[in-house]
Each structure stands twice: as C-alpha cells, then as structure tokens.
Amino acid sequence: MAEYDYDLFVIGAGSGGVRASRVSSAYGARVAVAEEYRVGGTCVIRGCVPKKLLVYGAHFAEDLKDAKRFGWQVPIDCAFDWATLRDNVLADVDRLNGLYTQGLENAGAEIILERATVTGPHEVTLASGKKITSKYILVATGAHPHIPEFPGNEHGITSNEAFHLESLPRRIMIAGGGYIANEFAGIFNEFGSHVIVVNRTDVILRGYDHSVRDRLLQISLTKGIDFRFHAEFEKIEKLENGCLKVFLTGQEPVEVDVVLFATGRVPNSTGLGLEEAGVELDAKGAIKVDAQNRTNVDSIYAVGDVTNRIQLTPIAIREGQAFADTIFGGKPKTVDYGNVPSAVFSHPPIAAVGMTEGEARNKLGSVKVYTSDFRAMKNVLANRNERALYKMVCDGMTGRVVGIHMIGPDAPEILQAAAVAVKAGLTKEAFDDTVALHPSMAEELVLLK
Ligand code: NDP
C-alpha cells in the first residue's frame, strides 16, 4: 500500500496550481487539487480574462466614433448595454471554467471542490473534516485585493465585484494608481461613467518608465478621467439614496455611485495552517520559497501570487511547470525572472520589458535612449489627437537593448515579439538591420534614430 493517499496535493486551482497539477499528473503522479471557489483562479474567473474582454468592449466607444471618419454611417443613438456585455463575459468565464476543469480531469488529477488547510508536513484537512495525506503539498492559493482601513470602507467594492455590477455606475471612484486602477478607469470612462482616480502620491504605475506613465496620465486627463493626487480616504458614508459620499484628505467631499479599491493584492496565506505547520512567511504574508519553489518545510512548496515574487499569470504558470518538472519530471528547472514583459491594458495600453531609463542609468551609468513619438496613422485619419510613444533603452557601451517601453494602440501585441530580442540580448544594430514592415506601428522599433 502507498505510504500517502497522493503524491501531490495542490491547494488552489488557479494558473499556477492547475499547471502544476496537470503536468505532475502527466508525469504519473497521483494528484488531487482542492479549490474552494472556481477552477481557473483569479486570471480566468475574475482577472485578466474577463478584464481583457471588458477592455475590448470598452474600446468600441472610440472605434464607433472613429468609424465615421472611415465612411461608416454610425447611428447617433448608438447605445451601450452593460448587462449584455457583462452576461456575455460571464458566460465566457463559465466556458473557460469548464475547459480548465476538463483539462485537469483529462490529465487524471482529482478535483476536490472544498477548502483545504495544511495540518502537517504531509497532511491536509478538508472543510468537511476529512484528512488526506500526500508526499508533497503545493500551496497555490493566489492573492486577494487589499482594502485600506478607514471608516466606511465596507461600502466599496474590488475588481472581484466589478465584473458583476448590476448596472453601470454613473460615477465611479477608483482607489489606487496601479494596474487595476488604470485598466478599470479606462474601461468605465469609455462606457461613459465619470471616473475619479484617487492616489496617495502623484505617481501612477510605479515601476514603469516615467515617459510612458506621463503619456498615459496626459491622455487619460484628455479623455476626461479625473485624478486626485496625494489624497487619502478619511471615510465613506452611504446616503439614503444609495449613493456614496467620500471624504478625502484636503478635498471637498465627493458623491459617487461606486468606490472600487485597486490598492494592491495580498497573498492568501492566512487561515491555511501554514504557520502551525512551521512554514515561514515574509512581512507581507507571502510564503517564503527558494528557487525550486520549496518552503522551509521540505515537503511543502508554493507557487504563484501567494509567494509574491512577480504577481503575473505567466509567472505563476512557469513556476507551476518548473515545480512539476523538478519534482516529478526528473528535469530540475528554475524560473528566470529577468526581462519579464508586462502590459497595462489601459486606453491606450502600455507594454514594457527590461529596465526603465532610470534603472538603466543607475545600473549601467552609460545609456543611450531612442524614442519615437508619433500618431498612429489610424488616429491621424480619425482626427484623434492621441500620440503613441516608444522608447528603447540601450547599454551605452555595448549597444545592447536593455529595455523597451511603449504606449499606443496594440502595444502589448507588438512588445511580446520585441521582448524576445531583448531577452536574447540583441543590440540596437540588430534592430536597425531588420527591414521595416510597412506600414505598421511596430516598424517604429527598427527605425529609431
Ligand atoms: P498595483 O500594485 O499595481 O497598484 C497598487 C496601487 O495602490 C498603487 O498605486 C499603490 O500606491 C496604491 N496603494 C497601495 N497600498 C495603498 C494604501 N494602503 N492606500 C492607498 N493606496 C495604496 O496593484 P493592483 O491592485 O492594481 O494590482 C495588483 C497586482 O495584480 C499588480 O501588481 C499586478 O501584478 C497584477 N495585475 C496585473 C495586470 C496586468 O498584467 N495587466 C492587471 C491587473 C493586475 P504606491 O505606488 O504609492 O504604492
């Protein structure tokens, strides 16, 4: 008889957990995966996927306006129906939830739709009380939205609820200046809501190159998004008519219909029995792991947002894959966190890879920067006064491209390919040697002077 019930017990069926479960199972491991909510996790159920669909939906607002300049007779009363988009998006989430479930089942992993907690180095206990033993335990429980502490914060929502809103808010206040704040600000603004972004500093999207951040801010302001900087929440009062009265430091109270908190995400590490099992957490509650995703307890591993390394889906997937390859595939693997491309699906989107200009100057001393500040030809014909900005940061000594930063239509689609070149350590000369693909926006990358 086997010593343990399973070879691998995974807690959390999100991006990292699903990949680790599927691949481990394919390697012949006996795998169970516990999920307390829905298979697919944040990205599929209430993150990247439904958000991107809302971004597509939102962008029609501009496309419909621009269409007239391209000869299309668009009715003036062209109206947007939130419920239609919301329900179609949620139906697609259901479809993906089914596909992820099927993928796990086809791979031979057992899905247990219950909360599981760690009750020993080789033991988990399900919400129903059943105890299960496993040679390895993988914690892949993700993260949840952080909500700042102040009176009335219970009246706000997070991105989790934004996908389910009963109706489109006429006025929405978004707290934070990061990914989620800028993405949802763009979405709701395009749908016609009045959007107020409230940030504790005057820096949005900290970590991105200052030029693309400034460009997004400038474009967002032009589109009518209202930014309140150096503002903290004092309290929120719910009025009799259901509206929210928000008190911010140094500002007149503001009345809105919805307040959405987008102030970072916190690892889901509490109430899981981790501390009792002796698993070390860092000051932010993230599970501490080594390069092999192993915690200080030999049989317990962790991947994805709960480890708070880089909170991105493709990273969680790579960590899950590396875990399975290492433990069950006999192919030890570690994840390379260098030159990870990322994007903000704002209106217009931002995409970046590698060092910002500031980071490169600090690290390399000598840098050369090339920029292209242009209006996409589609925007020119549409009379849309919105400029794109591409920036290439190079090592001044070697010419190696160490960073690319872009804001403009389709920037994420273009950057993915350019990121290959940056990751491969190519030089500016290699970009220059490549013939432009004309007419495109991407050609700017090989025409930088
Ligand atoms: P971010 O870390 O991107 O931004 C958080 C924002 O909230 C920052 O402006 C931060 O300010 C502010 N903030 C943090 N704590 C407080 C506080 N106590 N009071 C007031 N403001 C505060 O987090 P998000 O919530 O937007 O997204 C979470 C993570 O999810 C992202 O970091 C990203 O990794 C991932 N994500 C990725 C997406 C993508 O790839 N396109 C899309 C959405 C999410 P300050 O800068 O001063 O710290």
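The rules behind each value
Residues numbered from 1 in each chain as written. Predicted model: local features only at pLDDT ≥ 70, side-chain atom pairs only at ≥ 80, totals over all residues. Heavy atoms only, no water. Buried < 20%, exposed > 50% of the residue type's maximum accessible area, 1.4 Å probe, protein only. Helix = DSSP H or I, 4+ residues; strand = E, 2+ residues; numbered from the N terminus. Pairing = 2+ DSSP bridges. Salt bridge = Lys/Arg side-chain N within 4 Å of Asp/Glu carboxyl O. Patch = residues over 30% accessible without salt bridge, like charges linked within 9 Å, V, L, I, M, F, W, Y side chains within 5 Å. Areas by Shrake-Rupley, 256 points an atom, 1.4 Å probe, with all protein chains shown as cover. Near = heavy atom within 4 Å. Polar contact = N/O pair within 3.5 Å; in protein donor to acceptor, adjacent residues only side chain to side chain. Nonpolar A, V, L, I, M, F, W, Y, C, P; charged D, E, K, R; others polar. Phe/Tyr/Trp six-rings, centres within 6.5 Å; stacked < 30°, edge-to-face > 60°. Lys NZ or Arg CZ within 6 Å of the ring centre and 35° of its normal. Axes fitted to C-alpha atoms, helices over the stretch in contact; angles between N-to-C directions. Parallel < 35°, antiparallel > 145°, perpendicular 65-115°, else oblique. Left-handed = near helix turned anticlockwise from the far one by under 90°. Contact = heavy atoms within 4.5 Å.

*Asks:* Can you lay out the pairing of strand 13 (residues 244-248) for me, pointing to particular residues and giving the numbers?
*Replies:* The element strand 13 is largely enclosed, with a buried count of four among its five residues. In this antiparallel pair of consecutive strands, strand 12 (residues 233-238) and strand 13, the connection spans five residues, and Gly-242 shows a positive phi of 90°. Across three bridges, the pairing between strand 13 and strand 14 (residues 254-256) is antiparallel. Residue pairing in the sheet places Val-246 in a bridge with Val-254 of strand 14.

*Asks:* Which residues make up the pattern of salt bridges, and what values go with them?
*Replies:* Tallied over the full model, the rule gives 25 salt bridges. Residue Glu-386 is joined to Lys-223 by a salt bridge in which the shortest nitrogen-to-oxygen separation is 2.6 Å. Linking Glu-386 in the loop between helix 10 (377-381) and strand 21 (388-395) with Lys-223 in the loop between helix 7 (210-222) and strand 11 (226-228), this pair joins segments that are 163 residues apart in sequence. Residue Asp-325 pairs with Lys-333 through a salt bridge whose shortest N-O separation is 2.5 Å. Residue class for Asp-325 comes out buried when judged on its relative accessible area of 1%.

*Asks:* Which residues make up a nonpolar patch on the surface, and what are the values?
*Replies:* On the surface, a nonpolar cluster with roughly 350 Å² of combined accessible area is contributed by Phe-70, Trp-72 and Leu-381. Here Leu-381 shows up in helix 10.

*Asks:* Describe in detail the site of the ligand, supporting the description with residues and values.
*Replies:* Lining the immediate surroundings of the ligand are 20 residues, of which Ile-180, Arg-200, Arg-206, Gln-311 and Ala-343 lie closest. Between the ligand and Asn-199 there is a distance of 3.4 Å, counted from an oxygen atom to a side-chain nitrogen or oxygen. Measuring from an oxygen atom of the ligand, one finds a side-chain N or O atom of Arg-200 at 2.8 Å. Here the shell around the ligand is composed, by residue class, of six nonpolar, nine polar and five charged.

*Asks:* Describe the packing of aromatic side chains, with residues and values.
*Replies:* Within this structure, the stated rule accounts for 16 aromatic pairs. On the basis of an interplanar angle of 70° and a centroid distance of 6.4 Å, the ring pair of Tyr-6 and Phe-9 is categorised as edge-to-face. Residues Phe-184 and Phe-188 carry aromatic rings whose centres are separated by 6.0 Å and whose planes lie at 25° to one another, so their mutual orientation is stacked. Placement of both Phe-184 and Phe-188 in helix 6 (residues 179-191) is noted, with a separation of four residues, approximately one turn of the helix. The two residues Phe-184 and Phe-188 agree in class, both being buried. The ring of Phe-247 has Lys-235 sitting right over it, with the charged end atom 4.6 Å from the ring centre. Taking the ring centre of Tyr-370 as reference, the NZ or CZ of Lys-428 above it sits at 4.4 Å.

*Asks:* Could you give an account of the packing of helix 1 (residues 15-26) against helix 4 (residues 82-107), with specific residues and numbers?
*Replies:* Where helix 1 meets helix 4, the closest approach of the two axes is 8 Å, and the angle between their N-to-C directions is 25°. As judged from the angle between their axes, helix 1 and helix 4 are roughly parallel. The element helix 1 and its partner helix 4 pack so that their crossing is left-handed. In this structure, helix 1 contributes Val-18, Ser-21, Arg-22, Ser-25 and Ala-26 to the contact, and helix 4 contributes Tyr-100, Gly-103, Leu-104 and Ala-107.

*Asks:* For the environment of Ile-11, give the residues involved together with the corresponding values.
*Replies:* With respect to the helices, strands and loops of the structure, Ile-11 is situated in strand 1 (residues 6-11). On the basis of relative accessibility, which here comes to 4%, the residue Ile-11 falls in the buried class. Non-local contacts of Ile-11, meaning those with residues more than four positions away in its chain, are made with Ala-34, Ala-116, Val-118, Val-124, Ile-137, Leu-138, Val-139, Ala-140, Thr-141 and Leu-272.

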